[in-house]
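# Inside the fold
Read off the chains here:
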Amino acid sequence: MSRTVEAQAPVSAPVQAAYSYCEAVTGQQARNFAYGIRLLPADKRQAMSALYAFSRRVDDIGDGTLANDAKQTRLEETRALLGRVRADAVAEDDTDPVAVALADAARRFPIPLDGLDELIDGVLMDVHGESYETWDDLKTYCRCVAGAIGRLSLGVFGTQPGAPGIERAPEYADTLGLALQLTNILRDVREDAGNGRTYLPSDDLAKFGCSTGFDGPVPPPGSDFAGLVHFEVRRARALFAEGYRLLPMLDRRSGACVAAMAGIYRRLLDRIERDPEAVLRGRVSLPGREKAYVAVRGLSGLDTRYVSRQTARRRV
């Protein structure tokens with residue numbers, strides 16, 4: 001998927017205001033994401049903010065306090081709005097800034113908007129109280145709520161013409177989304193349990209004696225909670241390793257953005273692995289200085305060069 005829009009038309013005042021709104025939402029509510037996209041040129045950064053703001057709206061409906069039937073109605077209304085965006089039927093002076101910004105981004109970049117339909121489908125799984133018996137079951141959910149975001153983002157980033165293996169770029173973007181989502185699930189296991197949600201596969205929970213759930217700051221009695229966490233960390237690391245093969249296919253700044261966002265989550269995995277029970281005591285996070293270091297590392301291209309060398313060795 002190469003960038004198809006070479007010359008960008010100027011942004012009108014109403015559209016610029018809509019993008020500013022989306023960037024404000026992103027900066028306030030998605031600090032890890034914001035660290036990555038600040039490395040992008042303005043047009044891509046704005047498009048990514050529009051994608052985030054729409055996605056956040058969908059997530060907020062699913063996580064809100066409305067009754068489930070009301071949530072479902074709101075989600076279908078949001079799907080109808082997406083249909084208007086897809087049909088290029090959102091005017092620049094529309095009163096919904098997220099719709100205005102997303103419609104402009106979709107005109108400027110080859111964004112596969114069906115990915116946002118998948119996101120809505122995934123949030124509907126939450127509304128319906130879905131649980132997941134196996135990793136394959138959970139993957140279906142993760143592909144909807146995170147893999148799809150990876151593929152949407154690739155529509156903004158574009159790929160470098162002639163990059164080896166470029167036909168697999170959407171697959172790698174999807175896999176990287178799965179890695180980030182599994183990291184989120186580990187980080188938020190106590191918070192999700194408090195909201196009545198369990199995402200980790202029931203097969204895995206049973207294997208490590210954790211089927212009773214996580215309703216307190218200590219593991220279930222008699223469980224091997226550390227073993228469960230280390231098992232899921234290894235799975236996430238394998239997904240990161242596969243998804244990182246996307247990096248050499250991106251231009252320098254898009255690659256830096258992806259490396260920064262993924263790098264923050266990989267460091268979260270490191271912290272979780274060192275102290276598994278920390279996720280039961282509160283949310284594990286990185287200090288700002290460490291996020292800044294990851295962003296600089298991404299901009300330097302170290303991760304991209306490493307992946308390129310590893311890929312070249314595999315081809316020899």
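Scope of this entry: the structure provided in the associated data block.

Cut-offs and rules
- Residues numbered from 1 in each chain as written.
- Predicted model: local features only at pLDDT ≥ 70, side-chain atom pairs only at ≥ 80, totals over all residues.
- Heavy atoms only, no water.
- Helix = DSSP H or I, 4+ residues; strand = E, 2+ residues; numbered from the N terminus.
- Rg over C-alpha atoms; globule rule 2.2 N^0.38 Å.
- Buried < 20%, exposed > 50% of the residue type's maximum accessible area, 1.4 Å probe, protein only.
- Expected span 1.5 Å × (residues − 1).
- Contact = heavy atoms within 4.5 Å.
- Phe/Tyr/Trp six-rings, centres within 6.5 Å; stacked < 30°, edge-to-face > 60°.
- Lys NZ or Arg CZ within 6 Å of the ring centre and 35° of its normal.

When its secondary structure is counted, the chain shows 15 helices and zero strands. Relative to a compact globule of 316 residues, whose C-alpha radius of gyration would be 20 Å, the chain shows 20 Å and is just as compact. For the chain, the spread of C-alpha atoms along the principal axes amounts to about 60 × 55 × 35 Å. In the chain, buried positions account for 51% of the 316 residues.

On to helix α6 (residues 114-127), then. Here α6 is 14 residues long and its end C-alpha atoms lie 20 Å apart, about the 20 Å a rise of 1.5 Å per residue gives. Of all 14 residues in α6, eleven are buried, a share of seventy percent or more. Of the positions making up α6, those classed as buried are Gly 115, Leu 116, Asp 117, Leu 119, Ile 120, Gly 122, Val 123, Leu 124, Met 125, Asp 126 and Val 127. Of the surrounding secondary structure, the elements contacted by the buried residues of α6 are α3 (42-63), α4 (68-86), α5 (97-108) and α7 (135-157). Immediately downstream of α6, the backbone of Gly 129 shows phi near 75 degrees, a positive value.

Going through the model one piece at a time under the given rule, you end up with seven aromatic pairs. Between Tyr 132 and Tyr 141, the aromatic rings sit 5.4 Å apart at their centres with planes inclined by 35 degrees, giving tilted as the arrangement. Judged by relative accessible area, which is 5%, Tyr 132 ranks as buried. A relative accessible area of 4% places Tyr 141 in the buried class. An aromatic cluster is built from Tyr 132, Tyr 141 and Tyr 199, whose rings are joined through pairwise contacts. Taking the ring centre of Tyr 244 as reference, the NZ or CZ of Arg 266 above it sits at 4.6 Å.

Moving on to the side chain of Gln 46. Mapped onto the fold, Gln 46 is located in helix α3. The residues touching Gln 46, leaving out its near neighbours within four places in the chain, are Gln 16, Tyr 19 and Glu 23.

Another point: the side chain of Asp 117. Inspection of the secondary structure puts Asp 117 in helix α6. Residue classification places Asp 117 among the buried residues on the basis of a relative accessible area of 15%. Beyond its immediate stretch of four places on either side in the chain, Asp 117 contacts Arg 79, Leu 82 and Arg 86.

Quick reminder: α-helices carry 3.6 residues per turn. Residues three or four places apart thus point the same way. Taking 1.5 Å per residue as the helical rise, α5 with its twelve residues ought to reach 16 Å, and the 17 Å between its terminal C-alpha atoms agrees with that figure. Among the twelve residues that make up α5, nine are buried, leaving the element largely enclosed by the rest of the structure. For α5, the elements touching its buried residues are α1 (13-29), α3, α4 and α6.

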